[in-house]
Amino acid sequence: MKVLIVDDQEPFRAVARTVVELTDGFEVVGEVETGEASVEAVEQLEPDLVLMDVNLPGINGLEATRRIVAGAASGSHRPVIVLVLSTYEAGEYDGQATEAGAAAFIPKSEFGPDRLLDAWNAAKSAA
Ligand SMILES: [Mg+2]
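As the structure is a computational prediction, the values presented were derived from the model and not from experiment.

Asker: Honestly, the overall build of the protein chain in this entry has me stumped. Any pointers?
Answerer: In terms of helices and strands, the protein chain carries five helices and five strands. Listing the helices and strands of the protein chain from first to last along the sequence gives β-α-β-α-β-α-β-α-β-α. A compact globule built from 127 residues would reach a C-alpha radius of gyration of about 14 Å, and the protein chain, at 13 Å, matches this within 12%. With the C-alpha coordinates of the protein chain rotated into their principal frame, the extents come out at 35 × 30 × 30 Å.

What follows is the structure, encoded as structure tokens:
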């Protein structure tokens, strides 16, 4: 699966990259630092999965998720699964993330290959 990483902080992008590389069958195809850039990157790279940070400069990750989901609905790009990640614990954003069209919310402290695969499999079986 092709994965796009969206995060404004390089240390977390490095963590996310490592997690993706450690997960069988997943590879990073792009990394961007803003929500606006993520919308363009989804159109250009057509990833299967987007790992989306919430707090970003410019539009936040929830708004970027809305735009990406709308882009799939309008045929700008093929459907893509979005997982929203944040340093905040689940209670802060999980409802808003799924409202925005994300498949799941994952606290960054819990993010690893197992959590990535679980979320991916849950999203695929729900689709
Ligand atoms: Mg951030």
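Asker: Before we go on, may I ask you to explain helix H5 (residues 113-126) in this structure?
Answerer: Helical geometry note: an α-helix holds 3.6 residues per turn, so side chains three or four residues apart project in the same direction. With 14 residues, H5 should cover 20 Å at 1.5 Å per step; its first-to-last C-alpha distance of 20 Å lies within 8% of that length. Those residues of H5 that sit buried are Leu116, Ala119 and Trp120. Taken end-on, H5 shows its buried residues confined to a sector of 100 degrees, consistent with a single buried face. Away from its buried face by more than 90 degrees, H5 exposes Asp114, Asp118, Asn121, Ser125 and Ala126.

Asker: Quick question: what am I supposed to make of the packing of helix H2 (residues 35-45) against helix H3 (residues 61-73) here?
Answerer: When two helices pack together, their arrangement is given by the angle between their axes and by how far apart the axes lie. Closest axis-to-axis distance for the H2/H3 pair is 9 Å, and the angle between their directions is 25 degrees. Taken together, the axis directions place H2 and H3 in an arrangement best described as roughly parallel. In terms of crossing hand, the pair formed by H2 and H3 is right-handed. Contact residues: H2 offers Gly35, Ser38, Val39, Val42 and Glu43, while H3 offers Gly61, Glu63, Ala64, Arg67, Ile68 and Gly71. Split into classes, the residues belonging to the contact of H2 with H3 amount to four nonpolar, four polar and three charged.

Asker: Looking at this model, I keep getting lost on the sheet that holds strand S5 (residues 104-107). Mind explaining?
Answerer: Across a sheet, paired strands are connected by hydrogen bonds in the backbone, their directions being either parallel or antiparallel. The five strands are arranged S2-S1-S3-S4-S5 in an open sheet whose pairing can be described as parallel. Single-partner strands in this sheet number two, and they are strand S2 (27-32) and S5. Recorded for the sheet is a direction-independent mean angle of 25 degrees between the axes of neighbouring strands. Bridging between strand S4 (residues 81-86) and S5 involves four bridges; their strand directions are parallel. Counted as the bridge partner of Leu85 is Ile106 from S5.

Asker: Please explain unusual backbone geometry as it appears in this structure.
Answerer: A negative phi angle is the norm for most residues apart from glycine, just as the trans form is the norm for most peptide bonds. For Glu46, which is not a glycine, the phi torsion comes out positive at approximately 45 degrees. Its location among the elements puts Glu46 in the loop between H2 and strand S3 (49-53). A residue is classified by how many C-beta atoms lie within 10 Å of it, and Glu46, with 14 of them, is partly exposed.

Asker: For this particular structure, what's the right way to read the pairing of S3?
Answerer: Along any regular strand, the residues point their side chains to alternate faces of the sheet. Buried residues dominate S3, accounting for five of its five residues. Across the two faces of S3 the burial is the same, with Leu49, Leu51 and Asp53 and Val50 and Met52 all buried. Across four bridges, strand S1 (residues 2-6) lies against S3 in parallel orientation. Within S3, the position partnered with Val3 by the bridge is Leu49. Following the backbone out of S3, through H3 and into the adjacent parallel S4, one traces a crossover that is right-handed.

Rules used in this analysis
- Residues numbered from 1 in each chain as written.
- Predicted model: local features only at pLDDT ≥ 70, side-chain atom pairs only at ≥ 80, totals over all residues.
- Helix = DSSP H or I, 4+ residues; strand = E, 2+ residues; numbered from the N terminus.
- Rg over C-alpha atoms; globule rule 2.2 N^0.38 Å.
- Expected span 1.5 Å × (residues − 1).
- Buried ≥ 20, exposed ≤ 12 C-beta atoms within 10 Å, placed from the backbone.
- Arc of directions from axis to C-beta.
- Axes fitted to C-alpha atoms, helices over the stretch in contact; angles between N-to-C directions.
- Parallel < 35°, antiparallel > 145°, perpendicular 65-115°, else oblique.
- Left-handed = near helix turned anticlockwise from the far one by under 90°.
- Contact = placed C-beta atoms within 7 Å.
- Nonpolar A, V, L, I, M, F, W, Y, C, P; charged D, E, K, R; others polar.
- Pairing = 2+ DSSP bridges.
- Right-handed = clockwise from strand over helix to strand, strands pointing away.

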